[in-house]
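Structural characterization, general
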Amino acid sequence: MGKILVTGGAGYIGAHTVKRLVSQGREVVVLDNLSTGHRDFARFCDFVQGDVRDPVLLDSVFSSEPIDAVIHFAAASQVGESVRNPLYYYNNNVSGAICLVSAMARHMVDTLIFSSSCAVYGPPFDCLLTEVHPTAPLSPYAATKAMIERILADMARVTPFQYVALRYFNAAGADPDAEVGERHRPETHLIPLVLQTALGQRDHLDIFGDDYPTEDGTAIRDYVHVLDLADAHIAALAYLRGGGASRAINLGNGQGHSVRQVIDAARKITGRDIPVRTAPRREGDSTRLVGDATLARELLGWRPRYADIGEIIATAWAWHSKEAARSAPVL
Ligand SMILES: NC(=O)c1ccc[n+]([C@@H]2O[C@H](COP(=O)([O-])OP(=O)(O)OC[C@H]3O[C@@H](n4cnc5c(N)ncnc54)[C@H](O)[C@@H]3O)[C@@H](O)[C@H]2O)c1
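To start, this report covers the structure provided alongside it. (Residues numbered from 1 in each chain as written. Predicted model: local features only at pLDDT ≥ 70, side-chain atom pairs only at ≥ 80, totals over all residues. Heavy atoms only, no water.)

1. Concerning the sheet that holds strand β10 (residues 220-221)
The test is simple: In short, DSSP must find at least two bridges between two strands for them to pair. Segments assigned H or I by DSSP are reported as helices when at least four residues long, segments assigned E as strands when at least two residues long, and all are numbered from the N terminus.
Ordered by their spatial adjacency, four strands build an open sheet running β6-β15-β10-β13, and the pairing between neighbours is mixed. In the strand order of this sheet, the two ends are held by β6 (128-129) and β13 (257-258), each with one partner. Relative to strand β15 (residues 288-291), β10 runs parallel, the two sharing two bridges. Of the residues in β15, the one forming a bridge with Arg221 is Leu289.

Structure representation (C-alpha cells):
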C-alpha cells in the first residue's frame, strides 16, 4: 500500500483522521497551508506546508511520495465569513479542489475521499435528511461543497477517478487521549463555545433563537464524534478499494440535540455554571438538521461508537481543559 495524502491534516477533523490512520500502520503525508490549522496537530506524520492551489508544489509531492489515495479536508469552512467574502471561498475551496484533482490526474492517483457537508441540503428540514434530499446550498460555503461534489461526479463518469463525498453533520468531541482536539480561531461551533464558557474564557454563551418550533424552542443539530468521522474516512477508502461506486454518503448520528440539551449535558459533565443569554435567530439557521446515516451503515459498515452526546462532550471537555491549562499564565 502506498501513502495517503491528507490535505488539511493540520486541522480539526484532519488531525484526528491522521492520528487514526497512523495508529493503523498507514503512512501519511499532510499538506496544509496552516491558514486555520496548527503545526502541532500534524506531528504524527510527514508534513508539507503549502497550498492545494499550488500545482508546482502538488507535482513535487506526488512525484516524490508513493501516494495512492487522497483525503481532502483542506477548505475554508465558516458560513458567515463565506457570506462576507464569497470569492475567497470559491477560490480556496473550488479552485483548490480543481487543482488537487488535476494533479491527481497528472500523477494517475485515482482515489479521493472528500469532506462535504450537510450544508448542501435545502429545505424542508423537518425530516431525517437522506442523500436523495434536494440540495440547495444556502451560503457560498455550502455552494462550494455542492460545486465540488458535482465536479467529482463529472470526473468519475469519464475517467478512472473514484471518490466518496462524505457529508458530515456537526463534527464534535476530541481524541480521548486529548493529544488533538478542536482549536478553531475564531470558534463558531456550539460545543467548544459552551465549554469555553464553562472554563470562564467567555462570560456567557449566546443562544441564537429560543422561539423555534421545537420542544424547548432552540434549534436541533446532529452531533457526530470526530473519531467516528475519522473511522468513516478509512472505511470509505476500503469501500472504493473493494469496487464501491463513487457517491455522496451522509455521516450523522441520526439523533438531534437541541442547543439547550447540549448546554444541560455540558453543565452535568463539567459541574460548572454556564451562563447563557438569548439572542435573535441568525439568518440562514434552520430549525433542525438531522441526518439519516443508513447508507453509511450499509455501504461502509459504519456505526458511530460515540453516539451519546454526554460521551462526545466529555471527550471535548478533557481536550479544552488541557488546552486551557496549557495556555494559562504560569504564576
Ligand atoms: N467541523 C465541522 O463540523 C464540519 C462539518 C462539515 C464539513 N466540514 C468540512 O470538513 C473539513 C475539515 O473541517 P475542520 O473543522 O477540520 O476545519 P479546519 O479549519 O480545522 O481544517 C481545515 C484545514 O485545511 C487547511 N487549509 C485550508 N485551506 C487550505 C489550502 N488552500 N491549502 C492547504 N491547506 C488549507 C487549514 O489550514 C486547516 O488546517 C472542511 O473541508 C470542512 O468544510 C467540517
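2. Brief notes about the packing of helix α6 (residues 190-198) against helix α8 (residues 259-270)
We apply this condition: Helix axes are fitted only over the stretch in contact, all axes being lines through C-alpha atoms; the angle between N-to-C directions runs from 0 to 180 degrees. Angle categories: roughly parallel below 35 degrees, roughly antiparallel above 145, roughly perpendicular from 65 to 115, and oblique for all the rest. For any pair of crossing helices, the crossing counts as left-handed if the nearer helix is rotated counterclockwise from the farther one by less than a right angle, and right-handed if it is rotated clockwise. Throughout, a contact is declared for two residues whenever any of their heavy atoms are within 4.5 Å.
Look at α6 against α8: their axes get within 10 Å of each other, and the N-to-C directions meet at 40 degrees. Looking at the two axes, α6 sits oblique to α8. Seen from above, α6 lies across α8 with right-handed handedness. Here Leu190, Ile191, Val194, Leu195 and Ala198 of α6 come into contact with α8, specifically with Val259, Val262, Ile263, Ala266 and Thr270.

3. With respect to the pairing of strand β12 (residues 247-251)
The cut-off we apply is this: The rule is simple: take the accessible area with a 1.4 Å probe, protein chains only, and divide by the maximum for that residue type; under 20% is buried, over 50% is exposed, in between is partly exposed.
Counted residue by residue, β12 has four buried out of five residues, so it is predominantly covered. Sheet topology note: the strand β7 (residues 162-168)/β12 ladder contains five bridges and is parallel. Each bridged residue has a counterpart across the sheet, and for Val164 the counterpart in β12 is Arg247.

4. Describing the pattern of salt bridges
Here the idea is simple: oppositely charged side chains can pair when their charged atoms come close. Our working rule: What makes a salt bridge here is a side-chain nitrogen of Lys or Arg within 4 Å of a carboxyl oxygen of Asp or Glu, nothing more.
Throughout the structure, instances matching the rule amount to 20 salt bridges. Taking the shortest distance from any N to any O, the salt bridge between Lys19 and Glu179 comes out at 2.9 Å. One end of the pair, Lys19, is in helix α1 (residues 12-23); the other, Glu179, is in the loop between β8 (170-172) and α6, with 160 residues separating them in the sequence. For Lys19, a relative accessible area of 16% translates into the label buried.

5. Quick notes on the packing of aromatic side chains
For clarity, the cut-off: Pairing of aromatic side chains here covers Phe, Tyr and the six-membered ring of Trp, requires ring centres within 6.5 Å, and sorts the geometry by plane angle: under 30 degrees stacked, over 60 edge-to-face, intermediate tilted. Both a distance and an angle decide whether a charge sits over a ring: NZ of Lys or CZ of Arg must be within 6 Å of the ring centre and within 35 degrees of the ring normal.
On inspection of all chains with the given rule, the structure shows three aromatic pairs. Arranged with centres 5.8 Å apart and planes meeting at 65 degrees, the rings of Phe41 and Trp319 form a pair that is edge-to-face. Highlighted residues: Phe41 in the loop between β2 (28-32) and β3 (46-49) and Trp319 in helix α10 (residues 309-327), separated in sequence by 278 residues. The exposure class assigned to Trp319 is buried, which follows from its relative accessible area of 3%. Both rings, one in Phe161 and one in Tyr163, keep their centres 6.3 Å apart while their planes meet at 15 degrees; by these two values the pair is stacked. The two residues Phe161 and Tyr163 agree in class, both being buried. The ring of Tyr212 carries Arg281 above its face, with NZ or CZ at 4.0 Å from the centroid.

6. Looking at the site of the ligand
In plain terms, the rule: Only a single heavy atom is needed: when it lies within 4 Å of a molecule or strand, its residue is near that molecule or strand. Identification of polar contacts relies on pairs of N or O atoms within 3.5 Å, with a donor-acceptor requirement for protein atoms, meaning one able to donate a hydrogen and the other able to accept it, and with residues adjacent in sequence counted only if both atoms are side-chain atoms. Where accessible areas are quoted, they stem from the Shrake-Rupley method and a 1.4 Å probe; at the residue level, only the protein chains shown are allowed to cover. For this scheme, ten residues count as nonpolar: Ala, Val, Leu, Ile, Met, Phe, Trp, Tyr, Cys and Pro. Four count as charged, namely Asp, Glu, Lys and Arg, and the remainder, Gly too, count as polar.
As a structural note, the neighbourhood of the ligand is formed by 30 residues, with Asp32, Thr36, Phe73, Asn92 and Tyr141 the closest of them. Residue Asn33 places a main-chain N or O atom 3.1 Å away from a nitrogen atom belonging to the ligand. Protein chains bury 97% of the 830 Å² of accessible surface belonging to the ligand in isolation. Mapped onto the shell around the ligand, the elements with two or more residues apiece are α1, β5 (111-117) and α5 (140-158). Sorting elements by how many residues they give to the shell around the ligand places β5 first, with three residues. Counted by class, the shell around the ligand contains 12 nonpolar, 14 polar and four charged residues.

7. Describing α6
Within α6, nine of the nine residues are buried, leaving the element largely enclosed by the surrounding structure. The secondary structure elements touched by the buried residues of α6 are β8, β9 (205-208), β11 (223-225), α8 and α10. Directly beyond the C-terminal end of α6, a positive phi value near 80 degrees is found at Gly200.

By themselves, these are just geometric observations and shouldn't be taken as functional.
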